[in-house]
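Summary of the model geometry
Spelled out from the first residue to the last, the chains are:
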Amino acid sequence: MGQVLDCRALAKEFLEKIKEESTKLKEQGINPQLAIVRVGNREDDIAYEKGILKNCEKADIIGKVHTCFPDIDMEDFIDTIQKLNNDSSVHGIIIFRPLPKHLDEDIIKHIIDPNKDVDCMNPLNLAKVFEGDLDGYLPCTPAAVMEIIKHFNIEVKGKKVVVLGRSMVVGKPLAMMMLKEDATVTICHSKTENLKEVVSDADIVAAAIGKPKFIGKDFIKDNAVVIDVGINVDDNGKLCGDVDFETVKDKTSLITPVPGGVGSMTTALLLKNVIKGAKMAL
Ligand code: NAP
(Lines give C-alpha, C1' and ligand atoms only; values in the text may rest on other atoms or scores of the structure.)
Protein backbone atom coordinates (compact mmCIF):
# COMPACT_ATOMS: atom_id res chain seq x y z
CA MET A 1 0.00 0.00 0.00
CA GLY A 2 1.12 3.54 -0.72
CA GLN A 3 2.16 5.80 2.11
CA VAL A 4 -0.80 7.81 3.35
CA LEU A 5 0.30 11.41 3.80
CA ASP A 6 -1.42 12.63 6.94
CA CYS A 7 -1.12 16.39 6.64
CA ARG A 8 -2.60 17.28 10.04
CA ALA A 9 0.77 17.15 11.80
CA LEU A 10 2.25 19.31 9.05
CA ALA A 11 -0.55 21.85 9.48
CA LYS A 12 0.09 21.93 13.23
CA GLU A 13 3.77 22.59 12.64
CA PHE A 14 2.87 25.35 10.19
CA LEU A 15 0.50 27.03 12.64
CA GLU A 16 3.15 26.97 15.35
CA LYS A 17 5.57 28.81 13.02
CA ILE A 18 2.86 31.33 12.12
CA LYS A 19 2.22 31.92 15.81
CA GLU A 20 5.92 32.69 16.35
CA GLU A 21 5.77 35.21 13.50
CA SER A 22 2.61 36.75 14.91
CA THR A 23 4.30 37.15 18.31
CA LYS A 24 7.27 38.93 16.68
CA LEU A 25 4.93 41.27 14.82
CA LYS A 26 3.07 42.07 18.03
CA GLU A 27 6.36 43.02 19.65
CA GLN A 28 6.76 45.51 16.82
CA GLY A 29 3.28 46.96 17.36
CA ILE A 30 1.40 45.08 14.63
CA ASN A 31 -1.49 42.82 15.66
CA PRO A 32 -2.22 40.62 12.61
CA GLN A 33 -5.91 40.65 11.71
CA LEU A 34 -7.96 38.73 9.15
CA ALA A 35 -11.36 40.04 8.05
CA ILE A 36 -13.77 37.32 6.94
CA VAL A 37 -16.62 38.57 4.76
CA ARG A 38 -19.62 36.26 4.64
CA VAL A 39 -22.85 36.94 2.78
CA GLY A 40 -25.81 35.09 4.30
CA ASN A 41 -25.63 31.90 6.35
CA ARG A 42 -24.65 29.11 3.98
CA GLU A 43 -23.78 25.95 5.90
CA ASP A 44 -20.49 25.33 4.06
CA ASP A 45 -19.41 28.96 4.62
CA ILE A 46 -20.11 28.68 8.33
CA ALA A 47 -18.16 25.40 8.56
CA TYR A 48 -15.19 26.99 6.73
CA GLU A 49 -15.43 30.07 8.96
CA LYS A 50 -15.36 27.93 12.13
CA GLY A 51 -12.21 26.18 10.89
CA ILE A 52 -10.51 29.50 10.10
CA LEU A 53 -11.41 31.03 13.48
CA LYS A 54 -10.15 27.96 15.33
CA ASN A 55 -6.82 28.19 13.50
CA CYS A 56 -6.66 31.97 14.02
CA GLU A 57 -6.84 31.27 17.73
CA LYS A 58 -4.06 28.67 17.50
CA ALA A 59 -1.87 31.05 15.48
CA ASP A 60 -2.69 34.05 17.67
CA ILE A 61 -4.18 36.03 14.80
CA ILE A 62 -7.33 38.13 15.16
CA GLY A 63 -10.14 36.72 13.01
CA LYS A 64 -13.15 39.03 12.66
CA VAL A 65 -16.29 38.01 10.80
CA HIS A 66 -18.21 40.65 8.80
CA THR A 67 -21.62 39.21 7.99
CA CYS A 68 -23.77 40.74 5.26
CA PHE A 69 -27.47 40.16 4.65
CA PRO A 70 -28.06 37.82 1.68
CA ASP A 71 -29.86 40.64 -0.18
CA ILE A 72 -27.12 43.26 0.31
CA ASP A 73 -26.83 45.30 -2.91
CA MET A 74 -23.63 45.86 -4.90
CA GLU A 75 -23.16 49.43 -3.64
CA ASP A 76 -23.32 48.46 0.04
CA PHE A 77 -21.19 45.36 -0.53
CA ILE A 78 -18.49 47.36 -2.29
CA ASP A 79 -18.67 49.88 0.55
CA THR A 80 -18.08 47.06 3.09
CA ILE A 81 -14.98 45.91 1.18
CA GLN A 82 -13.65 49.44 0.77
CA LYS A 83 -13.99 50.11 4.50
CA LEU A 84 -11.89 47.02 5.18
CA ASN A 85 -9.39 48.12 2.50
CA ASN A 86 -9.03 51.45 4.33
CA ASP A 87 -8.87 50.00 7.84
CA SER A 88 -5.19 49.91 8.79
CA SER A 89 -5.81 47.35 11.56
CA VAL A 90 -6.91 44.79 8.91
CA HIS A 91 -4.07 42.95 7.13
CA GLY A 92 -5.99 40.33 5.17
CA ILE A 93 -9.49 40.04 3.69
CA ILE A 94 -11.21 36.86 2.58
CA ILE A 95 -14.59 37.02 0.84
CA PHE A 96 -16.41 33.69 0.90
CA ARG A 97 -17.31 32.46 -2.57
CA PRO A 98 -19.43 31.75 -4.49
CA LEU A 99 -21.25 35.03 -3.86
CA PRO A 100 -25.01 35.29 -4.48
CA LYS A 101 -25.70 35.86 -8.20
CA HIS A 102 -26.71 39.52 -7.78
CA LEU A 103 -23.21 40.38 -6.47
CA ASP A 104 -20.92 40.51 -9.49
CA GLU A 105 -17.71 38.71 -8.55
CA ASP A 106 -16.02 39.99 -11.72
CA ILE A 107 -16.34 43.54 -10.36
CA ILE A 108 -15.71 42.74 -6.70
CA LYS A 109 -12.45 40.89 -7.35
CA HIS A 110 -10.99 44.17 -8.61
CA ILE A 111 -12.21 46.13 -5.55
CA ILE A 112 -10.32 44.13 -2.92
CA ASP A 113 -6.98 45.78 -2.12
CA PRO A 114 -4.28 43.57 -3.73
CA ASN A 115 -2.13 44.11 -0.61
CA LYS A 116 -4.83 42.55 1.60
CA ASP A 117 -6.01 39.93 -0.88
CA VAL A 118 -4.99 36.88 1.16
CA ASP A 119 -7.33 34.55 -0.76
CA CYS A 120 -5.77 35.63 -4.06
CA MET A 121 -9.00 36.81 -5.63
CA ASN A 122 -7.73 39.96 -7.34
CA PRO A 123 -6.50 39.23 -10.90
CA LEU A 124 -3.37 41.30 -10.15
CA ASN A 125 -2.27 38.68 -7.63
CA LEU A 126 -3.28 35.74 -9.81
CA ALA A 127 -1.43 37.24 -12.78
CA LYS A 128 1.80 37.09 -10.79
CA VAL A 129 1.29 33.37 -10.20
CA PHE A 130 0.69 32.88 -13.93
CA GLU A 131 3.89 34.79 -14.70
CA GLY A 132 5.79 32.41 -12.44
CA ASP A 133 6.36 35.04 -9.73
CA LEU A 134 5.53 33.22 -6.48
CA ASP A 135 6.68 35.98 -4.11
CA GLY A 136 3.22 37.56 -3.73
CA TYR A 137 0.04 36.10 -2.28
CA LEU A 138 -0.47 32.52 -3.41
CA PRO A 139 -3.92 30.95 -3.72
CA CYS A 140 -4.24 28.88 -0.53
CA THR A 141 -5.28 25.46 -1.84
CA PRO A 142 -2.67 25.18 -4.62
CA ALA A 143 -0.09 26.57 -2.18
CA ALA A 144 -1.12 23.88 0.32
CA VAL A 145 -0.56 21.20 -2.34
CA MET A 146 2.90 22.57 -3.12
CA GLU A 147 3.82 22.68 0.59
CA ILE A 148 2.80 19.02 0.92
CA ILE A 149 4.89 18.15 -2.16
CA LYS A 150 7.87 19.99 -0.65
CA HIS A 151 7.48 18.59 2.85
CA PHE A 152 7.26 14.96 1.72
CA ASN A 153 10.15 15.41 -0.76
CA ILE A 154 8.08 14.48 -3.79
CA GLU A 155 10.15 14.96 -6.95
CA VAL A 156 8.24 17.15 -9.42
CA LYS A 157 10.99 18.24 -11.82
CA GLY A 158 10.59 16.56 -15.21
CA LYS A 159 7.63 14.46 -14.00
CA LYS A 160 4.33 14.08 -15.80
CA VAL A 161 1.73 15.85 -13.68
CA VAL A 162 -1.97 15.70 -14.46
CA VAL A 163 -4.12 18.36 -12.80
CA LEU A 164 -7.81 17.46 -12.91
CA GLY A 165 -9.91 20.63 -12.88
CA ARG A 166 -9.32 24.08 -14.34
CA SER A 167 -10.93 26.46 -11.84
CA MET A 168 -9.17 29.72 -10.98
CA VAL A 169 -9.25 28.72 -7.31
CA VAL A 170 -7.47 25.38 -7.65
CA GLY A 171 -6.76 23.76 -11.03
CA LYS A 172 -5.24 26.56 -13.13
CA PRO A 173 -2.99 28.14 -10.49
CA LEU A 174 -1.91 24.69 -9.29
CA ALA A 175 -0.90 23.79 -12.85
CA MET A 176 1.17 27.01 -13.04
CA MET A 177 2.86 26.28 -9.72
CA MET A 178 3.74 22.75 -10.87
CA LEU A 179 5.11 24.21 -14.10
CA LYS A 180 7.27 26.60 -12.09
CA GLU A 181 8.77 23.50 -10.45
CA ASP A 182 9.62 22.15 -13.94
CA ALA A 183 6.90 19.51 -14.13
CA THR A 184 5.40 18.56 -17.50
CA VAL A 185 1.80 19.54 -16.85
CA THR A 186 -1.46 18.43 -18.43
CA ILE A 187 -4.71 20.08 -17.34
CA CYS A 188 -7.87 17.97 -17.67
CA HIS A 189 -11.49 19.15 -17.45
CA SER A 190 -15.00 17.96 -18.17
CA LYS A 191 -14.46 18.01 -21.94
CA THR A 192 -11.19 16.03 -21.90
CA GLU A 193 -11.37 13.01 -24.19
CA ASN A 194 -9.97 9.65 -23.07
CA LEU A 195 -9.63 10.96 -19.53
CA LYS A 196 -8.63 7.59 -18.05
CA GLU A 197 -5.87 7.20 -20.60
CA VAL A 198 -4.50 10.70 -19.99
CA VAL A 199 -4.59 10.43 -16.20
CA SER A 200 -3.11 6.93 -16.10
CA ASP A 201 0.02 8.21 -17.83
CA ALA A 202 0.80 10.60 -14.96
CA ASP A 203 3.52 10.26 -12.33
CA ILE A 204 1.60 12.69 -10.13
CA VAL A 205 -2.18 13.17 -10.19
CA ALA A 206 -3.80 16.17 -8.48
CA ALA A 207 -7.59 15.84 -8.46
CA ALA A 208 -9.80 18.92 -8.00
CA ILE A 209 -13.08 18.25 -9.76
CA GLY A 210 -15.64 18.03 -6.96
CA LYS A 211 -16.92 14.56 -7.90
CA PRO A 212 -17.01 12.09 -4.99
CA LYS A 213 -14.70 9.07 -5.49
CA PHE A 214 -14.65 9.67 -9.27
CA ILE A 215 -11.02 8.65 -9.74
CA GLY A 216 -10.86 4.88 -9.43
CA LYS A 217 -7.86 2.57 -9.68
CA ASP A 218 -8.13 2.33 -13.50
CA PHE A 219 -7.06 5.99 -13.68
CA ILE A 220 -3.86 5.50 -11.74
CA LYS A 221 -0.49 4.22 -12.92
CA ASP A 222 1.38 1.86 -10.57
CA ASN A 223 3.33 3.81 -7.94
CA ALA A 224 1.92 7.19 -8.95
CA VAL A 225 1.58 9.97 -6.36
CA VAL A 226 -2.03 11.00 -5.79
CA ILE A 227 -2.99 14.34 -4.25
CA ASP A 228 -6.71 14.56 -3.60
CA VAL A 229 -7.98 18.13 -3.33
CA GLY A 230 -11.68 17.28 -3.55
CA ILE A 231 -13.94 17.80 -0.57
CA ASN A 232 -17.24 16.03 -1.11
CA VAL A 233 -19.88 14.09 0.76
CA ASP A 234 -20.52 10.48 -0.28
CA ASP A 235 -23.84 8.60 -0.41
CA ASN A 236 -23.54 7.79 3.30
CA GLY A 237 -23.08 11.44 4.22
CA LYS A 238 -19.35 10.94 4.91
CA LEU A 239 -16.64 13.36 3.82
CA CYS A 240 -14.65 12.04 0.85
CA GLY A 241 -12.34 13.22 -1.92
CA ASP A 242 -12.46 13.02 -5.71
CA VAL A 243 -10.39 9.84 -5.48
CA ASP A 244 -11.80 6.47 -4.46
CA PHE A 245 -9.22 6.18 -1.68
CA GLU A 246 -9.86 2.55 -0.67
CA THR A 247 -9.46 1.12 -4.17
CA VAL A 248 -6.69 3.47 -5.31
CA LYS A 249 -4.34 3.55 -2.32
CA ASP A 250 -2.70 0.17 -3.01
CA LYS A 251 -1.62 1.26 -6.49
CA THR A 252 0.04 4.49 -5.36
CA SER A 253 3.42 5.24 -3.83
CA LEU A 254 1.98 8.19 -1.87
CA ILE A 255 -1.59 9.39 -1.42
CA THR A 256 -3.29 12.16 0.56
CA PRO A 257 -6.46 11.17 2.43
CA VAL A 258 -9.72 13.12 2.80
CA PRO A 259 -10.16 14.27 5.52
CA GLY A 260 -6.66 14.86 6.89
CA GLY A 261 -5.01 15.81 3.61
CA VAL A 262 -4.88 19.00 1.56
CA GLY A 263 -7.89 20.51 3.35
CA SER A 264 -6.11 20.48 6.71
CA MET A 265 -3.31 22.62 5.25
CA THR A 266 -5.38 25.18 3.33
CA THR A 267 -6.31 27.40 6.27
CA ALA A 268 -2.71 27.38 7.50
CA LEU A 269 -1.68 28.80 4.11
CA LEU A 270 -4.38 31.46 4.39
CA LEU A 271 -2.98 32.54 7.75
CA LYS A 272 0.55 32.53 6.33
CA ASN A 273 -0.76 35.10 3.84
CA VAL A 274 -2.21 37.19 6.69
CA ILE A 275 1.26 37.32 8.25
CA LYS A 276 2.62 38.42 4.86
CA GLY A 277 0.01 41.21 4.81
CA ALA A 278 0.90 42.26 8.37
CA LYS A 279 4.60 42.39 7.42
CA MET A 280 3.70 44.66 4.48
CA ALA A 281 1.93 46.98 6.92
CA LEU A 282 5.09 47.04 9.01
P1 NAP B 1 -15.09 23.94 -9.69
O2 NAP B 1 -14.90 25.40 -9.79
O3 NAP B 1 -16.46 23.36 -9.71
O4 NAP B 1 -14.24 23.26 -10.86
C5 NAP B 1 -14.32 21.89 -11.11
C6 NAP B 1 -13.42 21.56 -12.28
O7 NAP B 1 -13.48 20.16 -12.48
C8 NAP B 1 -13.85 22.21 -13.59
O9 NAP B 1 -12.72 22.67 -14.29
C10 NAP B 1 -14.54 21.08 -14.35
O11 NAP B 1 -14.36 21.14 -15.76
C12 NAP B 1 -13.78 19.88 -13.83
N13 NAP B 1 -14.59 18.68 -13.91
C14 NAP B 1 -15.85 18.49 -13.44
N15 NAP B 1 -16.27 17.25 -13.72
C16 NAP B 1 -15.26 16.64 -14.37
C17 NAP B 1 -15.10 15.35 -14.92
N18 NAP B 1 -16.06 14.43 -14.86
N19 NAP B 1 -13.94 15.05 -15.52
C20 NAP B 1 -12.94 15.96 -15.59
N21 NAP B 1 -13.03 17.21 -15.09
C22 NAP B 1 -14.19 17.54 -14.49
O23 NAP B 1 -14.43 23.36 -8.37
P24 NAP B 1 -13.18 23.89 -7.49
O25 NAP B 1 -13.58 25.09 -6.71
O26 NAP B 1 -11.95 23.94 -8.32
O27 NAP B 1 -13.06 22.68 -6.45
C28 NAP B 1 -12.78 21.37 -6.86
C29 NAP B 1 -12.84 20.45 -5.67
O30 NAP B 1 -11.87 20.85 -4.72
C31 NAP B 1 -14.17 20.46 -4.91
O32 NAP B 1 -14.41 19.17 -4.38
C33 NAP B 1 -13.92 21.42 -3.77
O34 NAP B 1 -14.73 21.18 -2.65
C35 NAP B 1 -12.48 21.11 -3.47
N36 NAP B 1 -11.75 22.20 -2.82
C37 NAP B 1 -10.96 21.84 -1.78
C38 NAP B 1 -10.22 22.80 -1.13
C39 NAP B 1 -9.32 22.36 -0.02
O40 NAP B 1 -8.96 23.15 0.82
N41 NAP B 1 -8.89 21.09 0.01
C42 NAP B 1 -10.30 24.14 -1.50
C43 NAP B 1 -11.08 24.48 -2.61
C44 NAP B 1 -11.82 23.49 -3.26
P45 NAP B 1 -15.00 22.32 -16.66
O46 NAP B 1 -14.10 23.50 -16.46
O47 NAP B 1 -14.94 21.77 -18.04
O48 NAP B 1 -16.38 22.53 -16.15
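My aim in this report is to walk through the structure given alongside it, one point at a time. All of these numbers come straight from a predicted model, not from anything done at the bench.

Take the sheet that holds strand S4 (residues 92-95) next. Overall, parallel pairing links the three strands, which are arranged S3-S2-S4 in an open sheet. Every other strand in the sheet has two partners, leaving strand S3 (62-68) and S4 as the edge strands with one partner each. Across this sheet, the average inter-strand angle for adjacent strands is 20°, counted without regard to direction. For strand S2 (residues 33-39) and S4, the ladder comprises four bridges, and the chain directions are parallel. Across the sheet, the residue bridging to Leu-34 is Gly-92, located in S4. With respect to the sheet, helix H2 (residues 43-59) is in contact with S2, S3 and S4, its orientation differing from that of S2 by roughly 170°.

So, about the site of the ligand. Near the ligand, the surroundings consist of 20 residues, among which Thr-141, Arg-166, Ser-167, Ser-190 and Thr-266 are the closest. Taking His-189, its main chain carries an N or O atom lying 3.4 Å from a nitrogen atom of the ligand. Residue Asn-232 places a side-chain N or O atom 3.2 Å away from an oxygen atom belonging to the ligand. Burial of the ligand by the protein amounts to 71% of the accessible area it has alone, namely 930 Å². Considering each element in turn, the shell around the ligand owes the most residues, three residues, to helix H10 (residues 262-281).

Side chains that differ in charge, positive against negative, can pair when their charged atoms come close. As enumerated under the stated definition, the model contains 16 salt bridges in all. In this structure, Glu-49 engages Arg-38 in a salt bridge whose closest nitrogen and oxygen atoms are separated by 2.5 Å. Of this pair, Glu-49 sits in helix H2 while Arg-38 sits in strand S2, placing them 11 residues apart in sequence. Two residues, Glu-105 and Arg-97, come together in a salt bridge whose shortest N-O distance is 3.8 Å. Taking the relative accessible area as the measure of exposure, Glu-105 reaches 27% and is therefore partly exposed. On the basis of relative accessibility, which here comes to 27%, the residue Arg-97 falls in the partly exposed class. Here the residues in one salt-bridge network are Arg-97, Glu-105 and Asp-119, joined through shared partners.

Next up on the list: the side chain of Thr-256. Counting through the fold element by element, Thr-256 comes out in the loop between strand S11 (252-255) and H10. Polar contacts involving the side chain of Thr-256 include one to the main-chain amide nitrogen of Asp-228, which spans 2.8 Å.

A cluster of like negative charges, contributed by Asp-71, Asp-73, Glu-75 and Asp-76, occupies part of the molecular surface. Tracing the backbone through its elements, the reader meets Glu-75 in helix H3 (residues 74-86).

Parameters and conventions
Residues numbered from 1 in each chain as written. Predicted model: local features only at pLDDT ≥ 70, side-chain atom pairs only at ≥ 80, totals over all residues. Heavy atoms only, no water. Pairing = 2+ DSSP bridges. Helix = DSSP H or I, 4+ residues; strand = E, 2+ residues; numbered from the N terminus. Axes fitted to C-alpha atoms, helices over the stretch in contact; angles between N-to-C directions. Contact = heavy atoms within 4.5 Å. Near = heavy atom within 4 Å. Polar contact = N/O pair within 3.5 Å; in protein donor to acceptor, adjacent residues only side chain to side chain. Areas by Shrake-Rupley, 256 points an atom, 1.4 Å probe, with all protein chains shown as cover. Salt bridge = Lys/Arg side-chain N within 4 Å of Asp/Glu carboxyl O. Buried < 20%, exposed > 50% of the residue type's maximum accessible area, 1.4 Å probe, protein only. Patch = residues over 30% accessible without salt bridge, like charges linked within 9 Å, V, L, I, M, F, W, Y side chains within 5 Å. Lys, Arg positive; Asp, Glu negative; His and termini not counted. Charge placed at Lys NZ, Arg CZ, Asp CG, Glu CD.

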